[in-house]
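# Structure assessment
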Protein chains: 2
Amino acid sequence: MNLRDHIRDVPDFPKKGILFKDITTLLGNEPAFRQAVKAMCDPFRNTSIDKIACIESRGFIFGAPMSLELGIGIVPLRKPGKLPAKTVREEYDLEYGTDALEMHVDAFQKGERILIVDDLLATGGTAAASAYLIEKAGGEVVSFVFLLELAFLNGREKLGGRECLSIIRYDDD
Amino acid sequence: MNLRDHIRDVPDFPKKGILFKDITTLLGNEPAFRQAVKAMCDPFRNTSIDKIACIESRGFIFGAPMSLELGIGIVPLRKPGKLPAKTVREEYDLEYGTDALEMHVDAFQKGERILIVDDLLATGGTAAASAYLIEKAGGEVVSFVFLLELAFLNGREKLGGRECLSIIRYDDD
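Heads up: these notes are all about the structure in this document.

### Looking at the packing of helix α2 (residues 30–41) of chain A against helix α3 (residues 58–70) of chain A
All names here are of chain A. Interhelical geometry of α2 versus α3 gives an angle of 65° and a closest axis separation of 9 Å. By the angle between their axes, α2 is roughly perpendicular relative to α3. In the packing of α2 onto α3, the handedness of the crossing is right-handed. On the side of α2, the interface is formed by F33, A36, V37, M40 and C41, while α3 contributes I61, F62, P65, M66, E69 and L70.

### With respect to the environment of F33 of chain A
Secondary-structure assignment places F33 of chain A in helix α2. Remark: the alpha-carbon pair of F33 of chain A and A100 of chain A, spanning 67 residues in sequence, is separated by 29 Å. Ignoring anything within four residues of it in the chain, the contact list for F33 of chain A reads L26, L27, I61, F62 and P65 of chain A together with A64, S67, L68 and I74 of chain B.

### Thoughts on the nonpolar core
F33, F62 and M66 of chain A together with F33, F62 and M66 of chain B are the most contacted members of the largest nonpolar core, which has 66 residues in total. Setting aside its immediate chain neighbours within four residues, M66 of chain B contacts V37, M40, C41, I52, G71, L115, V117 and V145 of chain B.

### Focus on the interface of chain B and chain A
If you look at the interface, chain B gives 36 residues, while chain A gives 36 residues. When chain B packs against chain A, close to 2900 Å² is buried across both sides, 65% of that on carbon and sulfur atoms. On the chain B side of the interface with chain A, the three residues burying the most area are L68, I74 and P84 of chain B, jointly 20% of the side's total. Where chain B packs against chain A, one counts two salt bridges. Between R8 of chain B and D106 of chain A there is a salt bridge, and its shortest N-O distance comes to 2.6 Å. Scanning the region where chain B abuts chain A turns up 14 residue pairs in polar contact (both at pLDDT 80 or more). At the level of elements, β1 (8–11), β2 (19–22), α1 (24–27), α2 (30–41), α3 (58–70) and β4 (74–77) of chain B are the ones that each hand at least two residues to the side of chain B that touches chain A. No other element matches α3 of chain B, which puts seven residues into the side of chain B that touches chain A. When grouped by side-chain class, the residues that make up the side of chain B that touches chain A number 17 nonpolar, nine polar and 10 charged.

Criteria and cut-off values
Residues numbered from 1 in each chain as written. Chains lettered and ligands numbered in written order. Predicted model: local features only at pLDDT ≥ 70, side-chain atom pairs only at ≥ 80, totals over all residues. Heavy atoms only, no water. Axes fitted to C-alpha atoms, helices over the stretch in contact; angles between N-to-C directions. Helix = DSSP H or I, 4+ residues; strand = E, 2+ residues; numbered from the N terminus. Parallel < 35°, antiparallel > 145°, perpendicular 65-115°, else oblique. Left-handed = near helix turned anticlockwise from the far one by under 90°. Contact = heavy atoms within 4.5 Å. Core = buried A, V, L, I, M, F, W, Y, C linked by side-chain atoms within 4.5 Å. Buried < 20%, exposed > 50% of the residue type's maximum accessible area, 1.4 Å probe, protein only. Buried area = accessible area lost by both parts, 1.4 Å probe. Salt bridge = Lys/Arg side-chain N within 4 Å of Asp/Glu carboxyl O. Polar contact = N/O pair within 3.5 Å; in protein donor to acceptor, adjacent residues only side chain to side chain. Nonpolar A, V, L, I, M, F, W, Y, C, P; charged D, E, K, R; others polar.

This is a description of form; function is not addressed.
See below:
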């Protein structure tokens, strides 16, 4: 099975001229979704990892089944105001304005090794913020893993040389 | 293992006087998370289900691993403006104002049998909206399943007699 065949192109979303890579068609096909999760887990089966950090909200869709596949607990990185206990916060720039990610300060112990999961690496702003957040809380980022990478947006350049894997790479927009 | 022991009480969230049931402590403990997902799947192993609908965003955390455990694809029910293709929409009342859920119109075929998944049944507004949305698109709601139920909020009364299961029930606030 070629996972690319299960990703749908939707033109002009979120705005005119953007060709959006829609993963909902993959999610609706369980064998394709299973293969995607397996492909995201395979590089890490012999890696020492203490927690899987998943970025709200599509990161939850991949990080949660990876948790059970690898036997490692998850840490949700959430939009502001969603987590009930004491949090640490990292702001990042959007095209217009700023956004932020929050994480519980007790989500892991200092020195723990963290794998960061999201569905998509685009410009890299959210991914970079998630690494800063984890490192601010004393964690070590083992790697990022994404199902999709829009390589033409050069998001990797924002990740400061940290290990970064993606399963499906698009080289042209 | 008693799953209740892995749920943390956080006082005064989201506002003073509310005792919030925090699942992040369960998510960080993989054996507890695994047992929770298994408990949510067990009642449905011999049920005919075509798709699992997961409510954004904590519903994704349970619906996604249930998909792989039961071998059934997922349909994300999302906050407005997140889904790229043509959607159907259902609004619902909040304490102040309204919110809405959206779903791709082609997320399933008419007549398909849908299991609705979320982490928490509270007042039932979001859950009821998710059922209306699925039925508007021609689906049949087989059941709801929640990890937690705040039974004292009587959310079940909003679900119109549709089947509804929860794993951990709190009878007092």
